[in-house]
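Residue-level listing of the chains:
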Amino acid sequence: MNHKIVLEGGNRLKGEVTISGAKNAALKLMAASLLLDGNTELHNIPELTDVVTMTQLLQTLGAEVEYNIKDKKILINASNINNIEAHYDFVSKMRASFVVLGALLGRFHEAKVALPGGCSIGERRIDLHIKGLESLGAQVRIEGGYVIAKTKKLTGAKIYLDRPSVGATENIMLAAILAEGSTIISNAAQEPEITDLANFLNAMGADVNGAGSSEIIINGVKLKNLKPVTYTTIPDRIEAGTYIAAVAATRGKAVIRNIFPNHLSAVTSKIFEMGGKVTVLDPFSIEVSCSGRLNSANIVTQPYPGFPTDLQSPFISALVIAEGISIITESIYENRFRQLGELRRMGANVQQESNKAIIKGVKQLTGAQVISSDLRAGASLIVAGLCANGASQISDIYHIDRGYEKIVEKFSELGANIKRIDSEENNLDVKIINTDENFY
Ligand code: EPZ
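In this text the structure is predicted, and so the values were computed from the model without any measurement.

Before going further, it helps to spend a moment on the sheet that holds strand β4 (residues 64-68). Sheets are built from strands that pair by backbone hydrogen bonding, the pairs being arranged parallel or antiparallel. Taking strand neighbours across the sheet as the criterion, the four strands line up as β4-β5-β3-β14 in an open arrangement whose pairing is mixed. Only two strands of the sheet have a single neighbouring strand rather than two, namely β4 and β14 (229-232). The mean inter-strand angle of the sheet, taken between neighbouring strand axes irrespective of direction, is 10°. As defined by bridge partners, strand β3 (residues 39-43) adjoins strand β5 (residues 73-77) across four bridges and the pair is classed as antiparallel. Following the sheet pairing, Glu41 is matched in β5 by Leu75.

Strand order in the open sheet formed by four strands is β6-β7-β9-β8, with mixed pairing between adjacent strands. The open sheet is flanked by β6 (85-86) and β8 (139-143), the only strands paired with a single partner. Sheet analysis places β6 next to strand β7 (residues 110-114), joined by two bridges and oriented parallel. Within β7, the residue paired with Ala86 across the bridge is Val113.

Under the domain assignment used here, the protein chain contains domain 1 (4-13 + 294-421) and domain 2 (23-232). Centre-to-centre separation of domain 1 and domain 2, based on C-alpha positions: 31 Å. Contacts between domain 1 and domain 2 engage 21 residues on the former and 21 residues on the latter. Summed over both partners, the interface of domain 1 with domain 2 comes to about 1600 Å²; 44% of that surface belongs to carbon and sulfur atoms. Of all residues in domain 1, the largest losses of buried area upon contact with domain 2 belong to Tyr304, Arg402 and Glu405, amounting jointly to 42% of the total for that side. The tally of links from domain 1 across to domain 2 stands at three salt bridges. The closest approach of N and O atoms between Glu47 and Lys406, which form a salt bridge, is 3.0 Å. Taken together, the connections running from domain 1 to domain 2 amount to eight residue pairs in polar contact (both at pLDDT 80 or more). Contributing elements (two or more residues each) for the side of domain 1 that touches domain 2: α12 (375-387) and α13 (398-403). Its residues assigned to classes, the side of domain 1 that touches domain 2 shows seven nonpolar, four polar and ten charged.

About the thresholds
- Think of each chain on its own: its residues are numbered from 1, step by step along the sequence as written.
- With pLDDT at 70 or above as the cut-off, local features in this predicted model cover only qualifying residues; side-chain atom pairs require 80 or more to be listed or tallied, and sums for whole chains, interfaces and linings still use all residues.
- The side-chain numbers reported here are obtained from all heavy atoms of the structure, hydrogens and water having been left aside.
- Two strands form a pair only when DSSP identifies at least two bridges running between them.
- Secondary structure counts use DSSP, requiring at least four H or I residues in a row for a helix and at least two E residues in a row for a strand, with both numbered from the N terminus.
- Throughout, an axis means a line fitted to C-alpha atoms (over the contacting stretch in the case of helices), and angles, computed between N-to-C directions, take values from 0 to 180 degrees.
- The source of the domain bounds is an automatic or database domain assignment.
- Whether two residues touch is decided by their heavy atoms; if any such pair falls within 4.5 Å, the residues are in contact.
- Throughout, the accessible surface (probe 1.4 Å) given up by two parts as they are put together, summed over both, is called the buried area.
- Salt bridge criterion: a side-chain nitrogen from Lys or Arg within 4 Å of a carboxyl oxygen from Asp or Glu.
- Any pair of N or O atoms that falls within 3.5 Å is considered a polar contact. Within protein, one atom must be able to donate a hydrogen and the other to accept it, and sequence-neighbouring residues count only if both atoms are side-chain atoms.
- Polarity classes work like this: nonpolar for Ala, Val, Leu, Ile, Met, Phe, Trp, Tyr, Cys and Pro, charged for Asp, Glu, Lys and Arg, and polar for all others, with Gly in that last group.

Right under this line is the structure:
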């Protein structure tokens, strides 16, 4: 059912929040399980609609999938794949599913996968995926909205990516695992989710080196070398960064648990620059706090290890109430500022000039009815609503449910006045529990 979120600002977030498994890692591990003639057991799988969509897609291909939500575990057996077509109904919902292309092509030498199409944040091309697979020896054509790839055999190759695309690196890596000989991907994406995928593949018996650097070397292995595998997904650095932004923006103090702090270096450095405090408590948790109004900051989104584009929107929500002028440059996507209009409805002073958002910090936002245009934009409206005076209502939150596990519950635990309501309801009464008198 489509729900809305209603929330009221005025509370400093306090306490602790435990971060879930990374969506953008878990989905790729699920797709990679198609390479294996046997069982894959994945742990720390977040409870998300995208995981359900990927489960359904794998099932249509003939995989047996058991999704144990309570234990955050998925069992996949891809021994009896009988269909190499990933239907539009699934791929159109979720771009991550496009990486079944590399896995199917690698194992079965053919695949037909719906084009993921454009999406509300930008053009999101696939030319590098196709060029990479062609370099390995596949014939690739686009017909009827599908990418159709075939080959007699795949042979390792040297592939230079014009830009470090996450998805292209993953698709090429998956196709190269069972290819004959070695593949070298230069200018590869270095995101932690790529390293996680490589670690998973190696645990399965593949031979992948250099993941996490700009050059990845894959030495092809035989199908019989791949063995059943049990693997735990890394924590979600983007979910963590969203809570970090929210705690700092509400001038709160909270512990963020189950993270790898080094995955968040660019993010925590920014918080520091903005006047917040970050203390590493142990290898898997940090404490974030902020006692006064945040300072402005300039941010340029970049491939990892730069500042992640996926956290641009939650950070803009923090900066619209910061002291001074901030300039945010979006260098990954053409159209990732769709939340700005909604933030203006809440009183933000922010203008877009080509790929820059120019923010003049205001002292206070006011609650409003707003619409979530995509996953991260939706989360950013929650961050803004938590800082606003009065109630906000966010609709189209199915975007948020694609990528944030139990977001309402987690923010409630941190002391936010927030709840989920039926989309038919128009209810701005969030029953204020505990508003901090000195908040505004
Ligand atoms: C992944 O998308 C993530 N999605 C995105 O997260 C994330 O924003 C992005 O990486 C960058 O970090 C998943 O992992 C499912 P790209 P992906 O290929 O793989 C251009 C979220 O909110 N490009 O690195 O699609 C493309 O147009 C999502 O969780 C080409 O030009 O990212 C885009 O501008 C949103 N040709 C840029 O590169 C290509 O062949 C980055 O794309 C491929 C990409």
